[in-house]
Amino acid sequence: IPSDAVLIEEDITQFDNVGGGQLARTLGQAGKYYFSAAQTYDWGQDVVYHVMDDTEVYFEQNSYVKARIIQTKQKVNNVLIRGYGVLDNAYSPTEYDIPGESDDGSRQAIHILGKNIEISGLSIVNTLKECGEFGYALNINANWAPVAVSPADSLGVFEAGELQNGNPPYKARPAHCQDFNMDDTQNTDFTNCPTSQNDGAKVSFVKAISWQMGQDGINAGKYGTVTDSFVRVVDDALKPWDSGAHYERITVWQLGLGWPINLGWWGWTQDDVGTSVENVYLIHNQNWMTSNDWPTTNSGQCVVGGVYGSSSVKSNYRIHNIFVETACSCAVGLEINKAAFSRHLTPQGCVGSIKNMSITNMFFDEEFFTGGATRTNNFLRGERNPGSLCTGDFEGKISDLTISGDVNGRALSMSDFIVPRKFVGTVPNLVFESVTVDPPSTTTSTSTTSTTSSTTTTTTELPPTTTTTTTTSTTTPITTTTTTTTSTSTTVTTTPSNKVRVKIVIETPYDPTKVSWKVKIGSTNIVTGKASTMTSTNSGYETFVDLDAGIRYKFVVIDNNTIKDTFWEVLRGSNVLVDGDCNCRKEVKYFTL
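Source: prediction; values computed, not measured. (Residues numbered from 1 in each chain as written. Predicted model: local features only at pLDDT ≥ 70, side-chain atom pairs only at ≥ 80, totals over all residues. Heavy atoms only, no water.)

Chemist: Help me get a handle on the packing of aromatic side chains, residues and values and all.
Modeler: In the structure shown here, the tally under the stated rule is 18 aromatic pairs. Ring plane angle 85° and centroid distance 5.0 Å describe the contact between phenylalanine 35 and tyrosine 41, whose orientation is recorded as edge-to-face. Assigned by exposure class, phenylalanine 35 and tyrosine 41 land together as buried. Looking at arginine 232, its charged tip hangs above the ring of tryptophan 253, at a distance of 4.7 Å from the centre. Above the plane of the ring of tyrosine 590 lies arginine 552, whose end atom (NZ or CZ) is 4.1 Å from the centre. (Phe/Tyr/Trp six-rings, centres within 6.5 Å; stacked < 30°, edge-to-face > 60°. Buried < 20%, exposed > 50% of the residue type's maximum accessible area, 1.4 Å probe, protein only. Lys NZ or Arg CZ within 6 Å of the ring centre and 35° of its normal.)

So this is what it looks like as structure tokens:
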């Protein structure tokens, strides 16, 4: 601690009442301050310290401060927060929705906008005893939040709900360092915004610890660097959501909600290129407790992934050397969805694609564990229904994704994943490779895909990848394995001359025992069945039925799962007679042979 640093007293009169009893203090520009272990920094309520340009804040070893450190009203330059003390977000705001103090973009333990921000050594905890709201331990230049306008202008106070189940047009909230404002008009003020890792945030030896549901870990923003840190939270631990960031040598203890490495929700429109995450040690991953039910789409809470609803096109991410010590529900669960709960779409209603990403060298000490749930969570799917104006990078595809992993001694492969047959085109050029020694050996690696062969399985080949890569890997066609089981009908080896053989295919990521189907003539059931019980190597259910020609049939699918997302087809040879994917309890369609 510098000898000229000023002691921050515990006297409550240091704060200003900024509204409704909410207390705040601005630490002066170019000032040096420190918290002492001898002081008791607990005022029985939420208090906020604001930092300015060239502010230095030191924590004496064993100091304990129940407060938050915030600067969201302006972008600042050269902020240093250092020391082996504790910052505790221990109280809910006294008054909510005060811009720059307790609005949704500011209600974090630390949230600072600007460049040359360094945070080192600090333990950031949340011991709030009541049920609080979402927030972060540490947030730098959040790509989903505006500069806080204080006092609030005609748009009112920013609410995160504006980007939850909301579609454009959005309010004209001012950007800080995003390329565009929230309404997708151009941002023209990039003062004090980082331009490279040289002036991006530096976070090191930080501990982010929370027992509070919905409290995220660390986001270092564009060009931010996070190293040698520990995160134990009940929501997303690491949030690499911006260009040029680097996360390395981080230990994560994931509690019962969230992704250890979350790839994004609702970021505003901006470039999102070239971020890397490596050498992450996941010592516990307990999100299997909720992964069967959240999110309310097919992709569960895996080690890496998310339900991507951002207008930013994400490309050239590298996630490498992820070590998982205890059982987790899944490796990768990634979906692009313009209906994501938290989303920011283009003015045309489009969601960005994810391109040229590698998630490699994932090592799992144990097999995947779902806590008895029947849902299989390794899942990949792009946007299912892009609008007519959503073309090119805004079709919402997951393209040129490379995955490698080792699961308790076996290769992570396509057989571990669900890629819905109907939407395989939204995940083009998917490649599975073998794990490598790091640094990579100079030998030529070959992409492989494992399938399980037995008398009860068949292999269906999806379109092979056609991309040309700069690596020496040989790409093989991706295959899925489906199990053929017997319905209540009798399947014969030859089709009578007056019969037509049709194939019924059902795919569900949820409980297949709750999905049933019927072939009817009028109100009479001709044949009925249920989807078979699936395992992690099964992506669907199919069976053959012989029906009379010249008859108009009714096909009924009933999905009794809580979350309904069943895709089905009735085929004659390779021709689809009828199909559906309505996310509903009951779907009825007619076909004639």
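Chemist: So what's going on with the confidence of the model for the protein chain? Which residues, and what values?
Modeler: With 86% of its residues at a pLDDT of 70 or more, the protein chain shows a mean pLDDT of 86. Counting interchain partners and residues more than four positions distant, the pLDDT-below-50 stretch residues 439-496 has 108 contacts. (pLDDT = per-residue confidence, 0-100. Contact = heavy atoms within 4.5 Å.)

Chemist: Tell me about the pairing of strand β16 (residues 225-234), and please be specific about residues and values.
Modeler: Where burial is concerned, most of β16 is hidden: eight out of the ten residues are buried. Where strand β13 (residues 202-204) lies against β16, three bridges are found, and the strand directions are parallel. Bridge pairing in β16 places serine 204 opposite threonine 227. The pairing of strand β14 (residues 207-213) with β16 spans four bridges and is classified as parallel. Bridging from a neighbouring strand, methionine 213 pairs with valine 234 of β16. Bridge count between β16 and strand β17 (residues 246-254): eight bridges; the pairing is parallel. By the bridge assignment for β17, threonine 227 is matched with glutamate 248. (Helix = DSSP H or I, 4+ residues; strand = E, 2+ residues; numbered from the N terminus. Pairing = 2+ DSSP bridges.)

Chemist: Lay out the state of the cysteines with the relevant residues and their values.
Modeler: Scanning all chains against the criterion turns up three disulfides. Through a disulfide, cysteine 177 is tied to cysteine 193; the S-S separation comes to 2.1 Å. One quick way to see it: the torsion about the S-S bond of cysteine 177 and cysteine 193 is about -95°, and its sign makes the bridge left-handed. Remark: cysteine 193 occurs in the loop between β12 (135-140) and β13 and cysteine 177 occurs in the loop between β12 and β13; sequence separation between them is 16 residues. Both residues of the pair, cysteine 177 and cysteine 193, count as buried. Between cysteine 302 and cysteine 330 runs a disulfide, and the two sulfur atoms are separated by 2.1 Å. Linking cysteine 302 and cysteine 330, the disulfide has an S-S dihedral of approximately -100° and is accordingly described as left-handed. One end of the pair, cysteine 302, is in the loop between β20 (276-285) and β21 (304-308); the other, cysteine 330, is in the loop between β23 (318-324) and β24 (332-336), with 28 residues separating them in the sequence. By relative accessible area, which is 0% here, cysteine 330 ends up buried. (Disulfide = S-S within 2.5 Å.)

Chemist: Provide a residue-level description of the sheet that holds strand β38 (residues 552-559), including the pertinent values.
Modeler: With antiparallel pairing, four strands are arranged side by side in an open sheet as β36-β35-β38-β41. Looking at which strands have only one partner, the edges of the open sheet turn out to be β36 (524-530) and β41 (586-592). Averaged over all pairs of adjacent strands, the angle between strand axes in this sheet comes to 20°, irrespective of strand direction. Relative to β36, strand β35 (residues 515-521) runs antiparallel, the two being bridged by six bridges. (Axes fitted to C-alpha atoms, helices over the stretch in contact; angles between N-to-C directions.)

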